[in-house]
Structures are given as C-alpha cells and as structure tokens.
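# Remarks on the overall topology
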Amino acid sequence: MGYVPPREDQSIALGLENENILEKKGRLGVILPNWKGYFRSEVMRGIRDAQELLRNYLIDVIIEECDTTLPEESIERMENLVEQGAGGISICAMDHPLIARKINELYEKEIPVITYNSDISACNRLCFIGQDLAASGRVAGELMTKYLQPGDQLIAAVANPSFHGHRLRLQGFYDLLSEKKFPKNSIHLIKTYNDYMLTFQNVKDILRQKPGIKGIYMANHSVSGCAEAIHSMGLTGKIHVISHDLTESTKRLLKSGRIDFAIAQDIYQQGYRPLLELRKYLSKTGPREMETSRQKIDIICAENIYL
C-alpha cells in the first residue's frame, strides 16, 4: 500500500522503540548453504535488498557462506556471526542434531534464529520462511499420476536427503503416490547433489536398466542433466518430467517441451523476509511471537511461464 515505516532514528525520537534494545541488536547475520546457480542468485538478491532497507534502521547485515554441507561448518559460521555481534541469524542448513543444538544454545542467549528454504527440526528456531515442501511434493505426485497407471515405473531424484526440505518434498511425493495405489518399489530413487553430470549419468543408467520408465520427478536442481539424459536415449516426449523452481534453464526446457511442469517457489522472499522479521522481532518490547510463513505453490507449464 506504499507505507514506509519510520527509520530507526525517527522511531527513537518519537519514542516508538526501545533504544537500548536497538543498539544491542544492531547487526543481523545470514548463513548461506554452498548451493550455486539459481538459488544463490535469487536468495542473494533478496538479502541485498534487505540490506539496503535495513541501512535506514542502522542495522548491518553480515553474510557467511558455507563451503561444504558439513554441520560443523554451519555451527562455526553461526559462532562467527555471534562473535561479530549478530543479534539474530537467518540460516539455511542441513537438518542435523548438532545444528539444532546450536540453535537451542543461541535461543538461551536470546539470539533468535529463523530458518529459510529448508527447515531444521527439533529446535527453538523462531520460525521457518519458505514453501510447504511436503505439500509441494504432493502436488508433484498428483501431477505425475495424471500420466501414469498403477504399476508403471518412475524415477525420483533428490539432491541431498540430509536437508529437511529435500526430504520433505520426496516424502510428500511418496505419500501421494501411495494413496493413489502406486507401490513404493515402482519408484527408483537417485541422489544427485544438484550436480549436472551426476544427474545425467544416474538417470541414464536407470533408463538403460529399466526401459519402461514413464516419469521422472526432479525434487532438486540439475534438471537439465535429466533432460539431456532422456534426449541421449531418444526418449524425449515419451517420459514425463516434473521439477521444482523456475530457473532460466527450466524455462527453456518447459518451452521446448522437454519437461512438463515446474513447481515454483519465491526464493527471493526467502532471502529478504527473514531479515526484516528478525528486525521487527528484536525491536519489540512486549510479548514476541511469530508463526511459520508458508509460501504459495505455483504450477508452471509452457503457457504461463511469464504470466
């Protein structure tokens, strides 16, 4: 509606904020996973815009980017942020007990943590900002069943099941197909770690072993590797592919008919909103409660890519 909240200095002058709290919480931190490509560019776009806005409130944003998926590194990055004075942290990391324990430690120190894109279970994080990933997996399963008959063989590709989000997508997909009477042993699982060549080779290997494959569910990136494997086997148009996230590569594959549907999510907001929510939370002096924010699930085909 065009409303712009007062800057921090204006709020303090008007007596709308607690100056001591704001001085104490003048820095926020972000932890990025070691993912590249579309995810990184979109989430960084959101973080940069949040940085620009938060400068008006005298708040700095510190970014720590992981080089690996090891939980120990994510913990080290959180400790780095705390040492640099971060009063709140936004994190996307592996769902691991060590990381959950660290988040609980920060909770005890009154340093709130918001998870984004992929949640972390069994911890006192403030909230999760992202898509309902189990529901998005169920949507993919519902779309896939329109092309299949019970007993048909298909492939499900996941990047890394150690991430809560990847696991939830896959579980939602499995649950829907089970309800539709597709046996679990008809689904051949592969792990791709979002790597083009690994995806290409794994998909191609199963297509050789199981020539009757009718569909492929890509619960991860590296969709182009899957499409190229299908093409190399002369099966384009004969195997239905459903993927996630509307990357530039995915758009081209949709337009060319090499994949059928993509399920989109707003990754920009996953970089942007946690920082603003942390700022609002830390600025409040009364009871402070937050609810998990779930984003809508968009189904994209060749005809509505740019709508």
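Residues numbered from 1 in each chain as written. Predicted model: local features only at pLDDT ≥ 70, side-chain atom pairs only at ≥ 80, totals over all residues. Heavy atoms only, no water.

## Regarding the side chain of Gln265
Structurally, Gln265 can be placed in the loop between strand 10 (261-264) and helix 11 (267-283). A relative accessible area of 8% means that Gln265 is categorised as buried. There is a polar contact of 2.9 Å between the side chain of Gln265 and the side chain of Gln270. Beyond its immediate stretch of four places on either side in the chain, Gln265 contacts Tyr38, Asn117, Gln131, Leu133, Arg169, Asp245, Gln270 and Gln295. (Helix = DSSP H or I, 4+ residues; strand = E, 2+ residues; numbered from the N terminus. Buried < 20%, exposed > 50% of the residue type's maximum accessible area, 1.4 Å probe, protein only. Polar contact = N/O pair within 3.5 Å; in protein donor to acceptor, adjacent residues only side chain to side chain. Contact = heavy atoms within 4.5 Å.)

## Some thoughts on the pairing of strand 9 (residues 240-244)
Counting buried positions along strand 9 gives four out of five residues, so the element sits mostly inside the fold. With three bridges connecting them, strand 8 (residues 213-218) and strand 9 associate as parallel partners. Looking at the pairing, Tyr217 lines up with Ile242 of strand 9. Between the parallel pair strand 8 and strand 9, the chain is carried across by helix 9 (residues 223-232), and the sense of this crossover is right-handed. As defined by bridge partners, strand 9 adjoins strand 10 across three bridges and the pair is classed as parallel. (Pairing = 2+ DSSP bridges. Right-handed = clockwise from strand over helix to strand, strands pointing away.)

## As for helix 4 (residues 71-83)
Because each turn of an α-helix spans 3.6 residues, side chains separated by three or four positions in sequence point in the same direction. Under the 1.5 Å per step criterion, the end-to-end length of helix 4 is 19 Å for 13 residues, consistent within 8% with the ideal 18 Å. Those residues of helix 4 lying buried are Pro71, Glu73, Ser74, Ile75, Arg77, Met78 and Leu81. Buried-residue contacts for helix 4 involve strand 1 (27-32), strand 2 (60-65), strand 3 (89-91) and helix 5 (97-108). Where helix 4 terminates, the next one or two residues include Gly85, which has phi positive at roughly 95°. (Expected span 1.5 Å × (residues − 1).)

## With respect to the environment of Leu282
Structurally, Leu282 can be placed in helix 11. Taking C-alpha positions, Leu282 is 8.0 Å from Gly88, a pair spaced 194 residues apart along the chain.

## Quick word on the sheet that holds strand 7 (residues 187-191)
Strand order in the open sheet formed by six strands is 7-6-8-9-10-12, with mixed pairing between adjacent strands. Only two strands of the sheet have a single neighbouring strand rather than two, namely strand 7 and strand 12 (298-300). Averaged over all neighbouring strand pairs, the angle between strand axes comes to 20°, with direction disregarded. Sitting on the sheet, helix 6 (residues 133-145) touches strand 6 (153-158), strand 8, strand 9, strand 10 and strand 12, and the angle it makes with strand 9 is about 165°. (Axes fitted to C-alpha atoms, helices over the stretch in contact; angles between N-to-C directions.)

## What to know about the nonpolar core
Core analysis: the biggest nonpolar cluster contains 47 residues, and Ile47, Met78, Ile89, Ile91, Ile99, Ile120 and Leu275 have the highest contact counts within it. Of all the elements, helix 11 adds the most residues to this core, at eight residues. Apart from the residues within four sequence positions on either side, Leu275 is in contact with Leu28, Gly29, Val30, Ile47, Ala50, Leu54 and Val61. Listed in part, the 26 residues of the second largest apolar core include Ile206, Ala229, Leu254 and Ile259. (Core = buried A, V, L, I, M, F, W, Y, C linked by side-chain atoms within 4.5 Å.)

## Details of the packing of helix 3 (residues 37-55) against helix 11
Running from N to C, helix 3 and helix 11 point in directions that differ by 30°, and their axes come no closer than 6 Å. In this view, helix 3 runs roughly parallel relative to helix 11, as classed from their interaxial angle. The interaxial crossing formed by helix 3 with helix 11 has right-handed handedness. Counted together, Tyr38, Phe39, Glu42, Val43, Arg45, Gly46, Ile47, Asp49, Ala50, Leu53 and Leu54 of helix 3 and Ile267, Tyr268, Gln270, Gly271, Tyr272, Leu275, Leu276 and Arg279 of helix 11 form the full contact between these two elements. Among the residues making up the contact of helix 3 with helix 11, the classes are represented as twelve nonpolar, three polar and four charged. (Parallel < 35°, antiparallel > 145°, perpendicular 65-115°, else oblique. Left-handed = near helix turned anticlockwise from the far one by under 90°. Nonpolar A, V, L, I, M, F, W, Y, C, P; charged D, E, K, R; others polar.)

## Topic: the state of the cysteines
Taken as a whole, this structure holds zero disulfides when the rule is applied. In this structure Cys66 is a free cysteine whose sulfur lies 9.3 Å from that of Cys92, the closest cysteine sulfur available. Given a relative accessible area of 1%, Cys92 falls into the buried group. (Disulfide = S-S within 2.5 Å.)

## Overview of the pattern of salt bridges
Inspection of every chain in the model, using the stated rule, returns 19 salt bridges. Here Glu65 makes a salt bridge to Lys36, at a shortest N to O gap of 3.3 Å. Of this pair, Glu65 sits in strand 2 while Lys36 sits in the loop between strand 1 and helix 3, and the two are 29 residues apart along the sequence. On the accessibility criterion, Glu65 (22% relative accessible area) is partly exposed. Given the relative accessible area of 53%, Lys36 is considered exposed. Between Asp67 and Arg77 there is a salt bridge, and its shortest N-O distance comes to 3.3 Å. Taken as a pair, Asp67 in the loop between strand 2 and helix 4 and Arg77 in helix 4 lie far apart in primary sequence, ten residues in all. Each of the salt bridges in this network shares a partner with another, and the network as a whole consists of Glu64, Asp67, Glu73 and Arg77. (Salt bridge = Lys/Arg side-chain N within 4 Å of Asp/Glu carboxyl O.)

So, to be careful, I would describe these as geometric facts and stop short of saying anything about function.
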